[in-house]
Amino acid sequence: MPTQITALAATKSFHGRRVLDEVTCALAAGERTGIIGENGSGKSTLLRLFAGRERPDAGEIVVQADGGVGYLAQDEQLPPETTVQQVIDRALSELRAIEGRMRALEAAMAAGDESGFAEYGELTTVFELRGGYDADARVERALHGLGLGLVARDRRVGGLSGGEQVRLRLAAVLAAGSEVLLLDEPTNHLDDDALTWLEDHLRTRRGTTVTVSHDRVFLERVATSLLEVDADRRRVVRYGNGYAGFRAEKAAARQRWVQAHEQWQADIERLRETAATTARRVAPGRAMKDNNKMAYDRAGGRVQQSLAGRVRNAEERLRRLLADPVPPPPQPLRFTPALRSGGTHGTVLDATAVTVAGRLDPTSLTLAAGDRLLITGPNGAGKSTLLRVLAGVLAPDDGTVVRCGRVGYLAQEPPPAEPGETLLAAFARGRTGDTEGHAERLLALGLFDRAQLTTRVAELSTGQRQRLALARLVVQPFDVLLLDEPTNHLSPGLVEDMDTALADYPGALVIVSHDRRLRARWHGDRLALRATVSV
């Protein structure tokens, strides 16, 4: 297939911070590509470069799309006085212009003017490529599929909810029928029915689709290839065969790392042994022939020279290996349970009628050791507020919380940086031990490399700061883990590791999450909160 989107050594910085560094990649026509990575890694920046909304500081972006490019920004604001119909009309304006020109040329040709015949042919090709004859039907399908079928066309955008506005923008982009679709987090604010419709639509449409998404189920169902934006190296890695291929390659890469480290260790041991034993060897004892001492000494000298050369060769190879070590692969992510004096049974957390005015209606729950609880509910129901109350971060206006064990809490947003604090200092804050011990413990997790330890936390991306919060959590033992949207901000690879770690964690666990894969695989109790009723 021909290449449709190409990045050639594209570099982009914002406010002196380099986000993408000489990124090179190519997407073929008809591909459905997911762009993945942690928050702040540069996913949206890469998509804006593809869309032409940003220009690279260096390098080049080439997009070949005669059928047009449709772009859904994650945070675009619609004019509040605009009507729903006007939003749709704006999205179809190019198609309407092409159609108007075609009708004008048809009239001219009917009157005998054939000068526009070639232009008419080109316009007809583009119009058909973009599904111009099906535009109105496509509008209806998109609005109904995304749950906006009953919204009046003359209704003003300012009267729609935030989620409805996002869905309207998505419907408009899809209705335009562009050859290339560039979508930034299109699954936000969609319910299950709308998600299913969108996935089916993108799987069956002709053309190229590039989607920034953190939704693992969406990526698994839609993407045929993935581009992972590495926040630490500011590069892009391509994976074929969709999300399954990404997971398989990640597992294979780790196995290659394990094998390379084991081979390095084996080579070190072999060369040390070779150097030591060879140095101890002497020429084989043999009798002197013909009493020719001079010849006997010459032969012995040659043997010693050969042995010395072999020792030097082994020592040089050993020096090179030690100068370029293969570090051990990071330890698998693991949450550590506390060793409670009361054993592994009994209540570890008890909340009775806890209330926060305007944010959380009276809520009660009891957790025994090993219990698992998934908290669900619409936005504004108080899910995050409840976790903050349980963690002791927020005092309730009414009700009580009794904690009978150590409680670990991961907030939905990483905490703000302390002025001037480095990554290593932030990790070690409040913990006993020396600096080198803290560094080795953090590096063993595989979440950061040694070069990043002196980076100021204020200079880290959101995803990197969430990694830091996660690192502080996993190195301490807890009886209860309270995790608020733990898959937010993190890369899919790390989220997969977290899934495994949580499945193996024997302590009590309370999670708030919109992650479809996590929710579908949940084994435990559920607590559904309703929207808070203001008093």
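The preceding data block contains the structure.
About the criteria used
- Residues numbered from 1 in each chain as written.
- Predicted model: local features only at pLDDT ≥ 70, side-chain atom pairs only at ≥ 80, totals over all residues.
- Heavy atoms only, no water.
- Helix = DSSP H or I, 4+ residues; strand = E, 2+ residues; numbered from the N terminus.
- Expected span 1.5 Å × (residues − 1).
- Buried < 20%, exposed > 50% of the residue type's maximum accessible area, 1.4 Å probe, protein only.
- Pairing = 2+ DSSP bridges.
- Axes fitted to C-alpha atoms, helices over the stretch in contact; angles between N-to-C directions.
- Contact = heavy atoms within 4.5 Å.
- Core = buried A, V, L, I, M, F, W, Y, C linked by side-chain atoms within 4.5 Å.
- Nonpolar A, V, L, I, M, F, W, Y, C, P; charged D, E, K, R; others polar.
- Salt bridge = Lys/Arg side-chain N within 4 Å of Asp/Glu carboxyl O.
- Phe/Tyr/Trp six-rings, centres within 6.5 Å; stacked < 30°, edge-to-face > 60°.

What about helix α15 (residues 492-504)?
Here α15 is 13 residues long and its end C-alpha atoms lie 19 Å apart, about the 18 Å a rise of 1.5 Å per residue gives. All buried positions along α15 are accounted for by Pro492, Gly493, Leu494, Val495, Glu496, Met498, Asp499, Ala501 and Leu502.

Details of the sheet that holds strand β2 (residues 17-28)
Reading across from one edge, β2-β1-β4 is the order of the three strands in this open sheet, with antiparallel pairing throughout. Pairing within the sheet leaves two strands with one partner each, and these edge strands are β2 and β4 (58-63). Averaged over all pairs of adjacent strands, the angle between their axes in this sheet comes to 15°, without regard to strand direction. Pairing of strand β1 (residues 3-14) with β4 involves five bridges; the strand directions are antiparallel. Following the sheet pairing, Ala7 is matched in β4 by Ile61. Of the strands in this sheet, β1, β2 and β4 are in contact with helix α1 (residues 43-51), which crosses β2 at around 55°.

Quick word on the nonpolar core
Of all hydrophobic cores here, the largest spans 45 residues; its most connected members are Leu168, Leu170, Leu202 and Leu226. Per element, the largest residue contribution to this core is seven residues, and it comes from helix α6 (residues 162-175). Among residues more than four places away in sequence, those in contact with Leu226 are Thr33, Gly34, Ile36, Leu219, Val237, Arg238, Tyr239, Gly242, Tyr243 and Phe246. Listed in part, the 38 residues of the second largest apolar core include Leu424, Leu473, Val475 and Ile511.

Looking at the packing of helix α5 (residues 135-145) against helix α7 (residues 192-204)
Put simply, α5 and α7 touch, their axes get as near as 9 Å, and they point 145° apart. Contacts between α5 and α7 involve Arg141, Ala142 and Gly145 from the former and Asp193, Ala194 and Trp197 from the latter. Looking at the contact of α5 with α7 residue by residue, the classes come out as three nonpolar, one polar and two charged.

Notes on the environment of Asp515
Along the polypeptide, Asp515 turns up in the loop between β18 (508-512) and α16 (516-520). According to the relative accessible area criterion, Asp515 is buried, its value standing at 8%. A C-alpha to C-alpha distance of 8.0 Å links Asp515 and Arg216, two positions 299 residues apart in sequence. Sequence-distant contacts of Asp515, that is, excluding residues within four places in its chain, are made with Arg216 and Thr487.

Re the sheet that holds strand β15 (residues 407-410)
What holds strands together in a sheet is hydrogen bonding between their backbones, with the strands either parallel or antiparallel. The strand order across the open sheet built from five strands is β15-β17-β18-β13-β19, with neighbouring strands paired in parallel fashion. With one partner strand each, in any of the chains shown, β15 and β19 (525-528) form the two edges of the open sheet. Taking the axes of each pair of neighbouring strands and ignoring which way they run, one obtains an average angle of 15° across the sheet. Note that strand β13 (residues 372-376) and β19 share four bridges and pair parallel.

Regarding the pattern of salt bridges
Evaluated as defined, the whole model comprises 33 salt bridges. Where Glu228 meets Lys250, a salt bridge forms, and the shortest distance between an N and an O atom there is 3.1 Å. Residue Glu228 is found in strand β8 (residues 225-230), and its partner Lys250 is found in helix α9 (residues 242-280); the two are separated by 22 residues along the sequence. By relative accessible area, Glu228 is classed as buried at 9%. With a shortest N-O distance of 2.6 Å, Glu249 and Arg256 are connected by a salt bridge. Here the salt bridges share partners, and the residues they tie into one network are Arg216, Arg247, Glu496, Asp499 and Asp515.

Thoughts on the packing of aromatic side chains
Scanning all chains against the criterion turns up four aromatic pairs. Their ring planes at 90° and their centres at 4.8 Å tell us that Phe127 and Tyr133 sit as a pair that is edge-to-face. Residue classification places Phe127 among the buried residues on the basis of a relative accessible area of 1%. Aromatic pair Tyr243 and Phe246: ring centres 5.5 Å apart, planes at 35°, arrangement tilted. Of this pair, Tyr243 and Phe246 both sit in helix α9, three residues apart, which is roughly one turn of the helix.

Considering the pairing of β2
When β1 meets β2, the two strands line up antiparallel, connected through eight bridges. Directly across from Ser13, in β2, lies its bridge partner Arg18. Here β1 hands over to β2 after two residues, with His15 in that stretch at a positive phi of 55°.

Remember that the coordinates give geometry; whether it matters functionally is a separate question.
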